[in-house]
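Observations on the model geometry
One-letter residues, chain by chain:
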Amino acid sequence: MHIPKLRNPGLCRVMLYMIVILIPVAVIAAVFAVSGLIEGFPDIAAVLIVVSALVIWLIWLIRNAGFLLIVDIILAGLAADKAARERFVLTDAFSAAGAERRLSRFGRQGEPVRCATPPEILRFRSRASLTIYSYAVEKTVAVYHTDYLDRELYRSIVSSARTCSDSLSGKKKYPVIDGKRKKAPLNRSTVIVIFAKNTDVRLSGELPRLVSGNGGDGENSSFLPCVVDLGGRRCIFDSTREIYEGFGAYPAKNRGIRLIRKLVFGGKLPLAESPERVRGRLVPDTDQGLFRWISEMHMDIVKELREDKKRYRSMCDGEIVFEDGCIYLKWKDRAIMTYAELDSGSMTAEIGEIEFWDWPTKGPVAGAKIAEMKRRIDEYFGRMGYRTNYGGFSETAGKQP
């Protein structure tokens, strides 16, 4: 089946959810329909068939939960890439005055701290969190105007906005009735909007990199600069959403992106007029059908698991193999696998966190063993001239079928 295609990842995700949910519903409906058509069909037989079918479906779901989660994460990544842009073209309908009015009505007025470049508008909103994953949800918007934006002024504005945001954070307190929420971090989204009449030519080429290189982990804290270049009729900000699977804290970066879309663009980003962001995709060919892609990926994963087992059996204790962006480490009679990406510019090896055994059975790795494994991996990449950084690499961007 070639429909839906991967170029419509949102539709693919809906179809995937529907199939998983509708399988038991269809079985139940079919059994009771047949029992109603056959005279004298015992009710106990219908119940036993339904229960047996549900048990089989539940076993299948548990066995394939990991694979289905990988599929969903990849589709979510494709959806995030589809909505991301290198820059957004300011259409004729865009109004800087309208955007400023929307920005000035957000939240409540904040008091800027004394700094070299104070914001013209500083707005702040804080709401109590409804989940145990965050103590509160904070959003800060800082707005600046400049006739000419260069690299030095940009850095001064970024520093000013960060200082103002930090000064407002945590000031509003909420009654806490849940101990877990009391210990949870703040979910902070800071958006800085710079209206520039003209931009330094030397800065223009660097802006996509600069706006994506600021602080925040994306999950609990995010800092999103947004440069509205009125002379060049473009808007630049990091519009790639964090993947969210529906559990845990909602990514602070996604809240910031939604704020920019709502306040700067009035709720709708000009995607059609704007150039796509050029980056490596998890699935290069998005014209293939969902079910064909799932079938091929499942076969490739089964094949790779067999190859991994052969590799682990042939490895010596403590041996490390780095191949196709993956690190394989044999540890006595067990082994782990994690992803790695080498940055030759900074001579850094970005490595996924070590949490679970990969072979011969799954299970959590003890903290003491993790520390020893990291020392062994550090030595391995150190001999190659690389320093290591753990946890900063997205495993969904690693080895893919």
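Below or above, wherever it landed, is the structure these notes cover.

Reading the values: rules and limits
- Residues numbered from 1 in each chain as written.
- Predicted model: local features only at pLDDT ≥ 70, side-chain atom pairs only at ≥ 80, totals over all residues.
- Heavy atoms only, no water.
- Helix = DSSP H or I, 4+ residues; strand = E, 2+ residues; numbered from the N terminus.
- Buried < 20%, exposed > 50% of the residue type's maximum accessible area, 1.4 Å probe, protein only.
- Areas by Shrake-Rupley, 256 points an atom, 1.4 Å probe, with all protein chains shown as cover.
- Lys, Arg positive; Asp, Glu negative; His and termini not counted.
- Charge placed at Lys NZ, Arg CZ, Asp CG, Glu CD.
- Salt bridge = Lys/Arg side-chain N within 4 Å of Asp/Glu carboxyl O.
- Core = buried A, V, L, I, M, F, W, Y, C linked by side-chain atoms within 4.5 Å.
- Contact = heavy atoms within 4.5 Å.
- Patch = residues over 30% accessible without salt bridge, like charges linked within 9 Å, V, L, I, M, F, W, Y side chains within 5 Å.
- Phe/Tyr/Trp six-rings, centres within 6.5 Å; stacked < 30°, edge-to-face > 60°.
- Lys NZ or Arg CZ within 6 Å of the ring centre and 35° of its normal.
- Pairing = 2+ DSSP bridges.
- Axes fitted to C-alpha atoms, helices over the stretch in contact; angles between N-to-C directions.

Re the overall build of the protein chain
Helices and strands together make up the secondary structure of the protein chain, namely ten helices and 14 strands. Projected onto its principal axes, the C-alpha positions of the protein chain cover 80 × 65 × 50 Å. Looking at the 401 residues of the protein chain, the share that counts as buried comes to 42%. Counting only carbon and sulfur atoms, one obtains 56% of the accessible surface of the protein chain, whose full area is about 21900 Å². Averaging the coordinates of the 60 positive side-chain charges in the protein chain and doing the same for the 47 negative ones gives two points 5 Å apart.

Observations concerning the pattern of salt bridges
Going through the model one piece at a time under the given rule, you end up with 14 salt bridges. Two residues, D147 and K197, come together in a salt bridge whose shortest N-O distance is 3.5 Å. Of this pair, D147 sits in strand β4 (residues 136-149) while K197 is found in strand β5 (residues 187-199), placing the two residues 50 residues apart along the sequence. Taken together, the shared-partner salt bridges in this structure form one network comprising E138, D166 and R188.

A look at the nonpolar core
Of all hydrophobic cores here, the largest spans 24 residues; its most connected members are V141, V193, V228, C235, F237, I260 and F265. Counting residues per element, the ones that place at least two in this core are α3 (96-104), β4, β5, β6 (221-229) and α8 (252-263). By residue number, the principal contributor to this core is α8, which donates four residues. In this structure, V193 is in contact with L103, A142, V143, Y144, C226, V228 and V264, ignoring residues within four places of it in sequence.

A look at a nonpolar patch on the surface
On the surface, V14, Y17, M18, I21, L22 and V25 cluster together into a nonpolar patch covering about 540 Å² of accessible area. Structurally, the position occupied by I21 is in helix α1 (residues 9-37).

Comments concerning the packing of aromatic side chains
Under the counting rule described, the total for this entry stands at nine aromatic pairs. For the pair Y312 and Y328, a centre-to-centre distance of 6.0 Å together with 65° between the ring planes defines the contact as edge-to-face. Note that Y312 is positioned in helix α9 (residues 290-314) and Y328 in strand β9 (residues 326-331), a separation of 16 residues in sequence. Summarising the burial analysis for this pair, Y312 and Y328 share the class buried. A cation over a ring is seen here: R311 above Y328, with NZ or CZ 4.1 Å from the ring centre. Sitting over the ring of Y390, K374 keeps its end group 4.7 Å from the ring centre.

Re the pairing of strand β10 (residues 334-343)
Where β9 and β10 come together, six bridges link them in antiparallel fashion. Counted as the bridge partner of L329 is I336 from β10. Between the end of β9 and the start of β10, which pair antiparallel, lie two residues, with K332 showing a positive phi angle near 60°. In this sheet, strand β11 (residues 348-351) lies alongside β10 in antiparallel orientation, the contact comprising four bridges. Across the sheet, L342 pairs through a bridge with A349, a residue of β11. Hairpin remark: β10 followed by β11, antiparallel, with four residues in the connecting loop; positive phi at M347, about 55°.

What to know about the sheet that holds β10
With mixed pairing, the five strands of this open sheet are ordered in space as β8-β9-β10-β11-β14. Looking along the sheet, the strands with just one partner apiece sit at the ends: β8 (320-323) and β14 (387-390). Averaged over all pairs of adjacent strands, the angle between strand axes in this sheet comes to 30°, irrespective of strand direction. Strand direction decides the pairing type here: β8 and β9, joined by four bridges, are antiparallel. Bridged to V321 within β9 is Y328. Each of β8, β9 and β10 is contacted by α9, which is oriented at about 45° to β9, the strand it contacts most. This element, helix α10 (residues 367-382), spans β8, β9, β10, β11 and β14 of the sheet and lies at about 125° to β9.

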